[in-house]
Each structure stands twice: as structure tokens, then as C-alpha cells.
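So you can see what is in the structure, the chains are spelled out below.
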Amino acid sequence: MLEDEADVASSLQILLSTIPSERVLQPLYGCNLTELVFESLDTRIKTLMADKIESAILYYEPRVNLESVMFDETEELEGVVLINIVYRVKTTNSRFNFVYPFYKQEGTDINLTTTVNLLPEND
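Residues numbered from 1 in each chain as written. Predicted model: local features only at pLDDT ≥ 70, side-chain atom pairs only at ≥ 80, totals over all residues. Heavy atoms only, no water.

Asker: Help me understand the packing of helix H1 (residues 4–17) against helix H2 (residues 43–60), please; the structure alone is not making it clear to me.
Answerer: For any two helices packed against each other, one specifies the crossing angle of their axes together with the interaxial distance. In contact at an axis separation of 10 Å, H1 and H2 are set at 125 degrees when each is read in the N-to-C sense. One finds that H1 runs oblique with respect to H2. Between H1 and H2 lies a crossing of right-handed hand. Contacts between H1 and H2 involve Leu12, Leu15 and Leu16 from the first element and Ile53, Ala56, Ile57 and Tyr60 from the second. Tallied by class, the residues present in the contact of H1 with H2 amount to seven nonpolar, no polar and no charged. (Axes fitted to C-alpha atoms, helices over the stretch in contact; angles between N-to-C directions. Helix = DSSP H or I, 4+ residues; strand = E, 2+ residues; numbered from the N terminus. Parallel < 35°, antiparallel > 145°, perpendicular 65-115°, else oblique. Left-handed = near helix turned anticlockwise from the far one by under 90°. Contact = heavy atoms within 4.5 Å. Nonpolar A, V, L, I, M, F, W, Y, C, P; charged D, E, K, R; others polar.)

Asker: Help me understand the pairing of strand E3 (residues 94–103), please; the structure alone is not making it clear to me.
Answerer: Within a regular strand, the side chains alternate between the two sheet faces. Strand direction decides the pairing type here: strand E2 (residues 80–89) and E3, joined by ten bridges, are antiparallel. If you follow Val80 over to E3, its bridge partner there is Tyr103. Counting the residues that bridge the hairpin from E2 to E3 gives four residues, and of these Asn93 lies at a positive phi of roughly 60 degrees. (Pairing = 2+ DSSP bridges.)

Asker: Honestly, the environment of Glu78 in this entry has me stumped. Any pointers?
Answerer: Within the fold, Glu78 resides in the loop between strand E1 (64–72) and E2. For the pair Glu78 and Tyr103, spaced 25 residues apart in sequence, the C-alpha to C-alpha distance is 8.9 Å.

Asker: What should I look at first to understand the nonpolar core in this one?
Answerer: Nonpolar side chains tend to gather and get buried jointly when the protein is soluble and globular. Of all hydrophobic cores here, the largest spans 26 residues; its most connected members are Leu33, Met49, Ile53, Ile83, Ile85 and Tyr87. When residues of this core are assigned to their parent elements, the largest contribution, six residues, is made by H2. In this structure Leu33 touches Leu16, Met49, Lys52, Ile53, Ile83, Tyr100 and Phe102, once residues within four positions along its chain are discounted. (Core = buried A, V, L, I, M, F, W, Y, C linked by side-chain atoms within 4.5 Å. Buried < 20%, exposed > 50% of the residue type's maximum accessible area, 1.4 Å probe, protein only.)

Asker: So what exactly am I meant to see when it comes to the sheet that holds E1 here?
Answerer: Each strand in a sheet pairs with its neighbour through backbone hydrogen bonds, running either in the same direction (parallel) or in the opposite one (antiparallel). Here three strands make up an open sheet; going across it, the order is E1-E2-E3 and the pairing antiparallel. Both edges of this open sheet fall to E1 and E3, since each of them pairs with a single strand only. Within the sheet, the average angular offset between the axes of one strand and its neighbour, ignoring direction, is 20 degrees. Each of E1, E2 and E3 is contacted by H1, which is oriented at about 30 degrees to E3, the strand it contacts most. Here H2 sits on the sheet in contact with E1, E2 and E3, set at roughly 155 degrees to E1.

Next up, the structure:
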């Protein structure tokens, strides 16, 4: 069991990593960032991502006031975009920073030459 600020950070992690319709009793809960995995990271996609995050936090995390959503693209070539979320907890008026890593590539490391060598040859 988590308390206070740690509980809020954990809830944000769950909210951003949940796909809508994944929860049976709350089918609208979540932030569907996975549909943007294969999109090029231009201004339009960054605006859409920020809007999805802001809407999800507004509707499903009433304990915080969202201050900003920013993107760190320094590791974009490695397939990672860090989403920096600055928020204020309403009960304590404390300001916090939450960084959510958004992976643009698949989580597996498949070596195509090894995979092709494992396939049986058709003679």
C-alpha cells in the first residue's frame, strides 16, 4: 500500500500505461498512447500525445492539478521519448515531477539473421 505522493505517482504510472477498455468496470479509464507507437514524432503527434495525457489526468486523477507536459526527445533514435509531467498535489500543494518513458519500438530484440537461419530450408 502506498500513501500520499507515492500513491499519486503510482496512479499516474498506471493511468498512462493502461489502454482504454482494458479495465472491465471502467472501460474509458486509461491513456491510449500505444496507438501512436509507429507514428513519426512531429508537432502534430506531440500535441496529440499531450492532449491524451492531459485529458486522462483531468478525468481520472482528481488529486492533482496538471501544470505541464513536456517531451524529452534526446533518446528518440533509440526509440524512447521521455514524457515529463509536472503536477501539483491538491491536498498538500506540493509540486512534483513525473517522467514516463514512452517506447516507440517493440520490446523484443529480434535478430533477423538468426531468425532466418532457424527457418527450415525448402528444397
